[in-house]
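# Chains, contacts and geometry: an overview
Now for the letters of each chain:
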Amino acid sequence: QVQLVESGGGLVQAGGSLGLSCAASGRTFSNYGMDWFRQAPGKEREFVAAISTNGGRTDYAASVKGRFTISRDNAKNTVYLQMNSLKYEDTAVYYCAAVRLYSVWQLSDNADAMDYWGKGTLVTVSS
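Residues numbered from 1 in each chain as written. Predicted model: local features only at pLDDT ≥ 70, side-chain atom pairs only at ≥ 80, totals over all residues. Heavy atoms only, no water.

### A word on the side chain of S108
Here S108 is to be found in the loop between β9 (92-100) and β10 (116-117). Polar contacts involving the side chain of S108 include one to the main-chain amide nitrogen of N110, which spans 3.3 Å. Those residues in contact with S108, other than ones at most four positions away along the chain, are D35, F47, A50, V99, A113 and M114. (Helix = DSSP H or I, 4+ residues; strand = E, 2+ residues; numbered from the N terminus. Polar contact = N/O pair within 3.5 Å; in protein donor to acceptor, adjacent residues only side chain to side chain. Contact = heavy atoms within 4.5 Å.)

Structural data, given as structure tokens:
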């Protein structure tokens, strides 16, 4: 089992920045690719960003590319999401997820492939 706990959500004005963290415990963190997903009110959950097991590869949804940065610290069992130039449409509950991977080159942006999920943290961007 892997337990994931997100933190860092809150209220921010459009154009501002916010950083999210996801602390993992349980199994070997470095064996898991880490993702961020989000779900806005009335919408389906969508992929935001992914990072490989050693942090060497990242992937982003087109809507956040150039504004968001995913990173990880395997020594601290933590994955981060730095969000800059926030827009009203970034308002959502942000979820951290973990997927067991077997290569440092692998990534996954598929919510159905995730093995573990956090409970989410709310980000509200005011216009």
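### Observations concerning the packing of aromatic side chains
Applying the stated criterion to the full structure yields four aromatic pairs. Both rings, one in F37 and one in W117, keep their centres 5.0 Å apart while their planes meet at 50 degrees; by these two values the pair is tilted. With a gap of 80 residues between them, F37 in strand β4 (residues 32-39) and W117 in strand β10 connect regions that are remote in the sequence. What makes F37 buried here is its relative accessible area of 1%. Taken together through their ring pairs, the aromatic side chains of F37, F47, Y95 and W117 make up a single cluster. Sitting above the plane of the W117 ring, R45 keeps its charged end 4.4 Å from the centroid. One Lys or Arg, R72, reaches over the ring of F29 and ends 4.4 Å from the middle of that ring. (Phe/Tyr/Trp six-rings, centres within 6.5 Å; stacked < 30°, edge-to-face > 60°. Buried < 20%, exposed > 50% of the residue type's maximum accessible area, 1.4 Å probe, protein only. Lys NZ or Arg CZ within 6 Å of the ring centre and 35° of its normal.)

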